[in-house]
Amino acid sequence: MTQATRARLKPNAIIPSIERPLFNKAFIMSRSRRIDTSGEVWQIGESHPVALNWTLLSRYPDELLSQIKYAFEYFLSKLAPDSVMRFLKVLRQLCHFVDEWEDEQDIASQLSDYIFDFVVSNRNNDDESTLNLIRHWYLRSYHLGLSLFERKTCQVFSKLYFKGNHKGMDVMVYMEGRSPLRSDELTLLRKALYECRQRITPYHPIFPKLVATWMFVVLGVRPRQLLLLMTSDFSVNVDEETGNKTYLLNVPSVKKRYTLPRTQFKSRVLPVFLGELLEQLISVNYGDLFSSQLMASNEEQLLFIGRTDNGRRKRQATFERFEASPGHTFFKDAPGDVIAFIDESRVSQGLPALDLKLTPRRLRKTFATHAALMGAPAIVLMELLDHEDLQHIMVYYQLGVNFALRVDAVYQKHFGDHLAFFEGKITLKELVKRNNINTVFGPDSLKKLVGIGLCAKGSPCSLQPPYSCYGCNKFEASNDISVHQEVLMAMQNEVRDKFGDDAPPGFYTVPHINACNELVRRLEVDHE
């Protein structure tokens, strides 16, 4: 099937109207399969069920609803079902916005008026993606030659600029239960998942969800990517000499909206433990991975399968090869269900619950954040996350830049003078003068003595300053004689305070006082 490309819709183009009867087609062709359009509900899903329920738009005039269906026929031939579904949702909002359609006025004029009223009422500073969808639907309908869509309205739309939704806000700002897991939380989660695997067998009902959760953590994939996986995407290589196994998984792309499912893949090397988990999952679902029965038709075998008949074949809800899938909800709820299972087990053992709110989206952001912080190139992370361009992943690198800038600001604020001193931009005397230090590490009677040296600039001295300073080989003494004279006077006063005026003369000649006195005499000579 020919792949579509996104063409720019020109609002000034003159497109002649094409008269069409009311939509009454029994079947139409989507980009992947034939869809039954004879009823009020169209099952358009490919890998998971997606239904267009036209009764939600029953308030539209019959002629307008018919032309909307013609537009959706085009969308279904080009776009993924979820993208088409977004158009239906925004048209439902427009339907509820309109009070009534007047019989006297033509439908095309009313539609333009109502659309602009809707646009004005829904302008905001945060997210105008809904208005972008309205514009795209209207422009495309006009270019299809549908008679109820006017050129002048397209021209007005071309002058309007709508804001997109702010992506990555929960990455830049910490939001409880939504932002990426911290390193300690991720370590705790990994440990809990390992312990959970040791307690259950591959036949336990929670095991498939445990495997899915591990894949979210290790690969950062989307739920739909797991839904599309087939056994043929999983490969095992066994070293003939050592018997060691290496595992490879071809992960299907789902972000390319104009391509069919399972047409583009990204090969990912799996950790051994995750490869073993997938082997066990396949063994439970199908038996031996390399059995002749499975090898004969393994292309049609889903990696994750549902346990009961969900009726999709009967109502033609999805593409045939995905009828046995467990569904999108299975993967979306998997991390939360696994955490609930782990917490229940921990509480029964008298241990505290993890109390982590996990979703595939949060684990995906955690994977991306940690990969960026570990130095993964932007182009590599873009491919791993299955994005089409770099703009969606730069938020993870912006987080690191912002953090670095804040750290630099803190260092500059608190240690800027020290850095300038080490760079030779200022002298030691200027450093002491600028910092105006008002404490030193030492006894209470000496805590107001300042500037005797730079030894403890990084962390407190492990000895006993200032007594130990003057006899220490590592002492970086200040050349300001006044501070050392103050220390010497304080030491002598301390002896006098403890032993009185009749203190033995030897108390004033102890090594640390002698060393301080010697330094003072040397500085006096230097200053002269």
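Residues numbered from 1 in each chain as written. Predicted model: local features only at pLDDT ≥ 70, side-chain atom pairs only at ≥ 80, totals over all residues. Heavy atoms only, no water.

(A) Region of interest: the packing of helix α7 (residues 183–199) against helix α8 (residues 207–219). One way to put it is that α7 packs onto α8 with a least axis distance of 11 Å and a crossing angle of 150°. Here α7 is positioned roughly antiparallel relative to α8, judged by the angle of their axes. You can see that α7 and α8 cross each other, and the crossing is left-handed. Seen from α7, the contacting residues are Leu186, Leu189, Arg190, Leu193, Tyr194, Cys196 and Arg197; seen from α8, they are Phe207, Leu210, Thr213, Trp214 and Val217. Considering only residue class, the contact of α7 with α8 consists of nine nonpolar, one polar and two charged. (Axes fitted to C-alpha atoms, helices over the stretch in contact; angles between N-to-C directions. Helix = DSSP H or I, 4+ residues; strand = E, 2+ residues; numbered from the N terminus. Parallel < 35°, antiparallel > 145°, perpendicular 65-115°, else oblique. Left-handed = near helix turned anticlockwise from the far one by under 90°. Contact = heavy atoms within 4.5 Å. Nonpolar A, V, L, I, M, F, W, Y, C, P; charged D, E, K, R; others polar.)

(B) Seen up close, the confidence of the model for the chain. Taken over all residues, the pLDDT of the chain has a mean of 82, while the share at 70 or more is 82%. Taken as a whole, residues 1–7 scores under 50 in pLDDT and shows eleven contacts with residues more than four places along the chain or in a different chain. Confidence over residues 437–449 falls short of pLDDT 50; this stretch has 30 contacts with residues more than four positions distant or in other chains. (pLDDT = per-residue confidence, 0-100.)

(C) Spatial organisation of the pattern of salt bridges. Applying the stated criterion to the full structure yields twelve salt bridges. Notably, a salt bridge pairs Asp386 with Arg222, separated by 3.2 Å at the nearest N-O pair. Taken as a pair, Asp386 in the loop between α15 (378–384) and α16 (394–422) and Arg222 in the loop between α8 and α9 (223–228) lie far apart in primary sequence, 164 residues in all. Residues Asp386 and Arg222 agree in their burial class; the two are buried. Its salt-bridge partner being Arg262, residue Asp233 comes within 2.7 Å of it at the nearest N-O pair. Placement of Asp233 in the loop between α9 and β5 (234–238) and of Arg262 in the loop between β6 (245–252) and β7 (265–270) is noted, with a sequence separation of 29 residues between them. The residues Asp233 and Arg262 share a single accessibility class, namely buried. (Salt bridge = Lys/Arg side-chain N within 4 Å of Asp/Glu carboxyl O. Buried < 20%, exposed > 50% of the residue type's maximum accessible area, 1.4 Å probe, protein only.)

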